[in-house]
Amino acid sequence: MIKISKAPFSKYTLQLAVILSIGFFSACSSDSADKTLPILGHREAVERVVDGETVVDTFYHQIPDFAFINQDSQQVTQETVAGKIYVTDFFFTSCPSICPKMKSQMLRVYEKFKDNPNVVILSHSIDPQHDTVAVLRDYADRLNVQTNKWHFLTGDKDNIYAMALQYFTGVQEDAQAEGGFAHSGDFMLVDQNRHIRGHYHGTEQEDVDRLMKDMDVLLKEKQNGQK
């Protein structure tokens, strides 16, 4: 069971900076043609004895199992993304501020990779009371996207908010925020092992350009059977 933090939204930024610094430190040396992406988040070294010798295995932060409902009333779980890389974000359909910019940028990602069977997009609504299946269906139709490629997800609110923390991004209800919710505009890139490999500003074209280049890197890594 995922525990939901009660920390204010402003604290998420600090927590995220500390967590991501672990991964970005190792990314500084990845400017070559053989670029690799860091695995973000905490890691744990576990010792075990094999044939009388002590070996150390490193376990990285992994997105836990999940279950949400998409715009076609289909259940979306970890099995939906098994063996694939995916991009994810958190939004709400009535968002009057950053969400339209995020979705215009995510459409660029969708258009580039829509014919690649190894890529999926997951967008989680942080206002599930309003964003029913029917509302998400209409939203997807207006964007003219395929369900099997881009899933707009709704479900239990606590589970969605807890899942946001697993991606190291913050969401919360906020009466002072536009639309009544405060959330990050980040896109997160996740590999086939459910390890987070990058955070990107989803409202900035240049950063989304970087995301798409990193997706190419990750797809090549997947093809080569790395990580």
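Quick caveat: nothing in here was measured; it's all calculated off a predicted structure. (Residues numbered from 1 in each chain as written. Predicted model: local features only at pLDDT ≥ 70, side-chain atom pairs only at ≥ 80, totals over all residues. Heavy atoms only, no water.)

Q: So what's going on with the packing of aromatic side chains? Which residues, and what values?
A: Counted under the stated rule, the structure contains seven aromatic pairs. Seen in terms of ring centroids, F91 and Y139 are 5.4 Å apart; in terms of plane orientation they differ by 35°. Their pairing is tilted. In this pair, F91 sits in strand β5 (residues 85-91) while Y139 sits in helix α3 (residues 133-143), placing the two residues 48 residues apart along the sequence. Each member of the pair, F91 as well as Y139, is classed as buried. The interplanar angle of 70° and the centroid separation of 5.9 Å between the aromatic rings of F91 and F152 together place this pair among those described as edge-to-face. On the criterion of sequence distance, the pair formed by F91 in strand β5 and F152 in strand β7 (residues 150-153) is long-range, its members being 61 residues apart. Overall, F152 belongs to the buried group, its relative accessible area being 0%. An aromatic cluster of at least three residues, connected via ring pairs, comprises F91, Y110, Y139, W150 and F152. In this structure, K103 packs its charged tip against the face of F91, placed 4.2 Å from the ring centre. (Phe/Tyr/Trp six-rings, centres within 6.5 Å; stacked < 30°, edge-to-face > 60°. Helix = DSSP H or I, 4+ residues; strand = E, 2+ residues; numbered from the N terminus. Buried < 20%, exposed > 50% of the residue type's maximum accessible area, 1.4 Å probe, protein only. Lys NZ or Arg CZ within 6 Å of the ring centre and 35° of its normal.)

Q: Can you break down the side chain of Q71 residue by residue, with the values?
A: With respect to the helices and strands, Q71 occurs in the loop between β3 (67-69) and β4 (75-77). For Q71, the side chain forms a polar contact with the main-chain nitrogen of F152, separated by 2.8 Å. For Q71, the contacting residues outside a window of four places in its chain are V133, L136, R137, A140, T147, W150, H151 and F152. (Polar contact = N/O pair within 3.5 Å; in protein donor to acceptor, adjacent residues only side chain to side chain. Contact = heavy atoms within 4.5 Å.)

Q: Kindly report on the environment of I69, identifying the contributing residues and their values.
A: Positionally, I69 belongs in strand β3. I69 sits in the partly exposed class, given a relative accessible area of 30%. Sequence separation between I69 and V133 is 64 residues; the distance between their C-alpha atoms is 7.6 Å. Once residues within four sequence positions are removed from consideration, I69 is found in contact with Q74, Q75, V133, F152, L153 and T154.

Q: Please give an account of the pairing of strand β11 (residues 196-201) that cites residues and values.
A: Here β11 lies mainly inside the structure; five of its six residues are buried. As defined by bridge partners, strand β10 (residues 186-190) adjoins β11 across five bridges and the pair is classed as antiparallel. In the sheet register, D186 faces β11, and the bridge partner there is H201. Hairpin connection of β10 to β11: five residues between the antiparallel strands, including R194 at a positive phi of 65°. (Pairing = 2+ DSSP bridges.)

Q: Please give an account of the confidence of the model for the chain that cites residues and values.
A: With 81% of its residues at a pLDDT of at least 70, the chain reaches an overall mean of 84. A low-confidence stretch, residues 1-32 stays under pLDDT 50, and its non-local contacts, those more than four residues away or across chains, total 40 contacts. (pLDDT = per-residue confidence, 0-100.)

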